[in-house]
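What follows is each chain in one-letter form.
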Amino acid sequence: MTDDIAGMSLTDVSTALRRGAVSSTEATRACLARIESQQPRINCFVSIDVDGALSAAARADEEIAAGGWRGPLHGVPLAHKDMFYRAGEVSGFGSRICRDRVADDTSEVMERVDAGGAIDLGPLHMTEFAVGHTGAHAHLGSCRNPWNTAHVPGGSSSGSGAAVASRLIYGSVASDTGGSCRLPAAMCGVVGIKPTFGLVSRHGGMPRAWSLDVFGVYARSVDDAAALLDVIAGEDQRDPATLGSSGYGNGGGSARDVRGLRIGVPVGEAVFEAEPALKPVLEAALERFGSLGCEVMEIALPDLQTIGALSGTVLLAEAAAIHDEWTREIPDQYADSAVWRLQQGRHIPATRYLQALRLRPRITKAFVSEVFAAVDAVFTPTVTMPVPDFDSAQAFTSAEAPEAIFETTKCTVWANYLGLPAISLPCGFTDGNLPVGCQLVARPFGESTLRALGCAYQTCTDWHLKRPPDSDGAAA
Amino acid sequence: MKIDGKLIREEARRKHGIDLDADRADELAREVDRLNTATAEAARSIGLDDDPTVFTAVLRGLRR
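Residues numbered from 1 in each chain as written. Chains lettered and ligands numbered in written order. Predicted model: local features only at pLDDT ≥ 70, side-chain atom pairs only at ≥ 80, totals over all residues. Heavy atoms only, no water.

Moving on to the overall build of chain A. Across its full length, chain A carries 16 helices and ten strands. For chain A, the C-alpha radius of gyration of 21 Å lies close to 23 Å, the compact-globule estimate for 476 residues. Principal-axis analysis of the C-alpha atoms places the extent of chain A at approximately 60 × 55 × 50 Å. Here chain A, with 476 residues, has 64% of them falling under the buried criterion. The long-range fraction of contacts in chain A, counting pairs at least 24 apart against all pairs at least 6 apart in sequence, stands at 77%. (Helix = DSSP H or I, 4+ residues; strand = E, 2+ residues; numbered from the N terminus. Rg over C-alpha atoms; globule rule 2.2 N^0.38 Å. Buried < 20%, exposed > 50% of the residue type's maximum accessible area, 1.4 Å probe, protein only. Contact = heavy atoms within 4.5 Å.)

Now the structure itself:
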């Protein structure tokens, strides 16, 4: 019974909570039991707030019973990347440097999920200061992929992907600067949404690179992810990028007919060339969209290599500025791989950084006008390689790191520079029973298009219902 | 200025007290040089009125 409750979707458990068929206390205990069982195996939580979660669940039960249902998150157990501030509490950012840092303010996204009555089970594992894309971790111990713990979960939101996939929580808020809401989603077999830049307030969250950062969501189904995104999206005076965004983009409303929607598959772009193990899975996903009545067509994406380089220029320069003092004064407090990466940006001249930013509005306008006049969404792999194991992921912290990071993020970074919304959908498995994800990208504030396509896909596939094993060697 | 592994290695040692592996420094330098070069080439098309602060307004203007 406990596993049955934890295995429900966010929207189903929410409905059950509202009707009184399941209590928040039962749902929270079910998740805590799963965490007790799986945390030693996959290490996706930084800490677990058992007492706080059960107290909050009891309050939610009282409120719902008294007719005070607050919305689809009320009483639902969630957990979030360890980068969102809560006044008076520690946000460690996956780091040694900030492991005792107490926030003096609460982030807008946490205020919104709290106001919605969600239950917070504790901070989730992330790579150090969101640097790195595997989940390997020198300070916290590595988070592991629940499908096979010899393999990486992806990063930087490693804990979000692993915990949602393992049915430890129903959803998670995380961040995405170059792919962090999509890479672990693809590698762990769940849904990740990176919203349009400016749809969700970034106030009170750890900055990785201000110009590229967005806060997004993880869940097992598109409907679940959209429900969570609906709660955290909206204007916030403390993040000027969000002003004027209300009423657009969030996935609200019912799923709509996708017949006639045009899906573009990039041609002539080597970066989207998937390895042979993934190709049949991705081709089958495209065929499924075709069978749903979508028009699948080839599309040329302009300036993609330049866009990738401009994204890298902005990311490295801003990250170096954020970490300048610490990387000079206490470099030994970082993992070697992080400090190397963070100091790289010192060699980006201010002129180049500002040029990359000055080009952004014009390149975005040209790209969107050309591409999204021809198609409604662009389809790519989320990652072009099978989920690596920890041994092969050593490349991410060795001399090949820049190339390895490029290989992992090459399908995702362009959407950050252009500010576009993107979703990663689970679409199958490789022969080794490790998940494969496909990515859809839409025009600015086109989240409702992504939701429609994702929902339609999940009505005729069951990849999002597959559960990872509870132990290595067990059947899924 | 051309960024090379030697420069990156010297800075790592001088500013951070880190003895960076030569191969690693070369890799980091190659990537930074690639980004700087690509940005410089793209920047040839920048006009006087290209203003980075209008980005969010451009996004809102592109919504449907």
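Following the structure, the description resumes.
With that out of the way, let us pick up the environment of glycine 155 of chain A. Residues and elements named next belong to chain A. The topology assignment puts glycine 155 in the loop between strand S2 (119-124) and helix H6 (158-165). The spacing of glycine 155 and methionine 126 is 29 residues in sequence and 6.9 Å in space, taken between C-alpha atoms. Non-local contacts of glycine 155, meaning those with residues more than four positions away in its chain, are made with Thr127, Gly132, His133, Thr134, Gly135, Ser180, Leu183 and Pro184.

Another aspect to go through is the nonpolar core. Residue and element names in this part refer to chain A. Among the nonpolar cores identified, the biggest contains 162 residues, and Phe45, Leu121, Phe289, Phe367, Trp414 and Leu440 are the most heavily contacted of them. Those residues in contact with tryptophan 414 that lie beyond four places of it in its chain are Phe272, Leu301, Leu304, Ile307, Phe367, Val378, Thr380, Leu420, Gln439 and Val441. Counting residues in hydrophobic clusters, the runner-up holds twelve residues, among them Val383, Met385, Val387 and Phe429. (Core = buried A, V, L, I, M, F, W, Y, C linked by side-chain atoms within 4.5 Å.)

Our focus in this paragraph is the packing of aromatic side chains. Throughout the structure, instances matching the rule amount to twelve aromatic pairs over all chains. Seen from their ring centres, phenylalanine 272 of chain A and tryptophan 414 of chain A are 6.2 Å apart, and the 70° between their planes marks the pair as edge-to-face. Linking phenylalanine 272 of chain A in the loop between strand S6 (262-266) and helix H9 (279-291) with tryptophan 414 of chain A in helix H15 (residues 413-418), this pair joins segments that are 142 residues apart in sequence. Using a relative accessible area of 9% as the deciding quantity, one classes phenylalanine 272 of chain A as buried. Members of the aromatic cluster, joined through ring pairs, are Tyr85, Phe93, Phe129, Trp326 and Tyr334 of chain A. The ring of tyrosine 85 of chain A is capped by arginine 101 of chain A, whose NZ or CZ atom sits 4.8 Å from the centre of that ring. The ring of phenylalanine 55 of chain B carries arginine 360 of chain A above its face, with NZ or CZ at 3.7 Å from the centroid. (Phe/Tyr/Trp six-rings, centres within 6.5 Å; stacked < 30°, edge-to-face > 60°. Lys NZ or Arg CZ within 6 Å of the ring centre and 35° of its normal.)

Residues and elements named next belong to chain A. In total, this model carries 26 salt bridges over all chains according to the counting rule given. For aspartate 472, the salt bridge goes to arginine 41, with nearest N and O atoms at 3.2 Å. With a gap of 431 residues between them, aspartate 472 in the segment after helix H16 (447-459) and arginine 41 in helix H3 (residues 24-42) connect regions that are remote in the sequence. Judged by its relative accessible area of 40%, aspartate 472 is partly exposed. Salt bridges sharing common partners tie together Glu108, Glu111, Arg112, Asp236 and Arg238. (Salt bridge = Lys/Arg side-chain N within 4 Å of Asp/Glu carboxyl O.)

A few words now on the sheet that holds strand S8 (residues 377-381) of chain A. Residues and elements named next belong to chain A. Spatially, S3-S5-S4-S9-S10-S8-S6-S7 is the arrangement adopted by the eight strands of the open sheet, whose pairing is mixed. Every interior strand has two partners, whereas the edge strands, strand S3 (171-176) and strand S7 (295-299), have only one. Going across the sheet, the axis of each strand differs from the next one's by a mean of 30°, ignoring polarity. Bridging between strand S4 (residues 191-194) and strand S9 (residues 422-429) involves three bridges; their strand directions are antiparallel. Considered in S9, the bridge of isoleucine 193 is made with isoleucine 423. (Pairing = 2+ DSSP bridges. Axes fitted to C-alpha atoms, helices over the stretch in contact; angles between N-to-C directions.)

Our next topic: the packing of helix H10 (residues 304-322) of chain A against helix H2 (residues 22-42) of chain B. Interaxial distance between H10 of chain A and H2 of chain B falls to 9 Å at its minimum, and their mutual angle equals 115°. For the pair H10 of chain A and H2 of chain B, the sense of crossing is left-handed. Between H10 of chain A, through Thr306, Ala309, Leu310, Gly312, Thr313 and Leu316 of chain A, and H2 of chain B, the contact on the second element is made entirely by Glu31, Arg34, Leu35, Ala38, Thr39 and Ala42 of chain B. Of the residues contributing to the contact of H10 of chain A with H2 of chain B, the split by class is six nonpolar, four polar and two charged. (Left-handed = near helix turned anticlockwise from the far one by under 90°. Nonpolar A, V, L, I, M, F, W, Y, C, P; charged D, E, K, R; others polar.)

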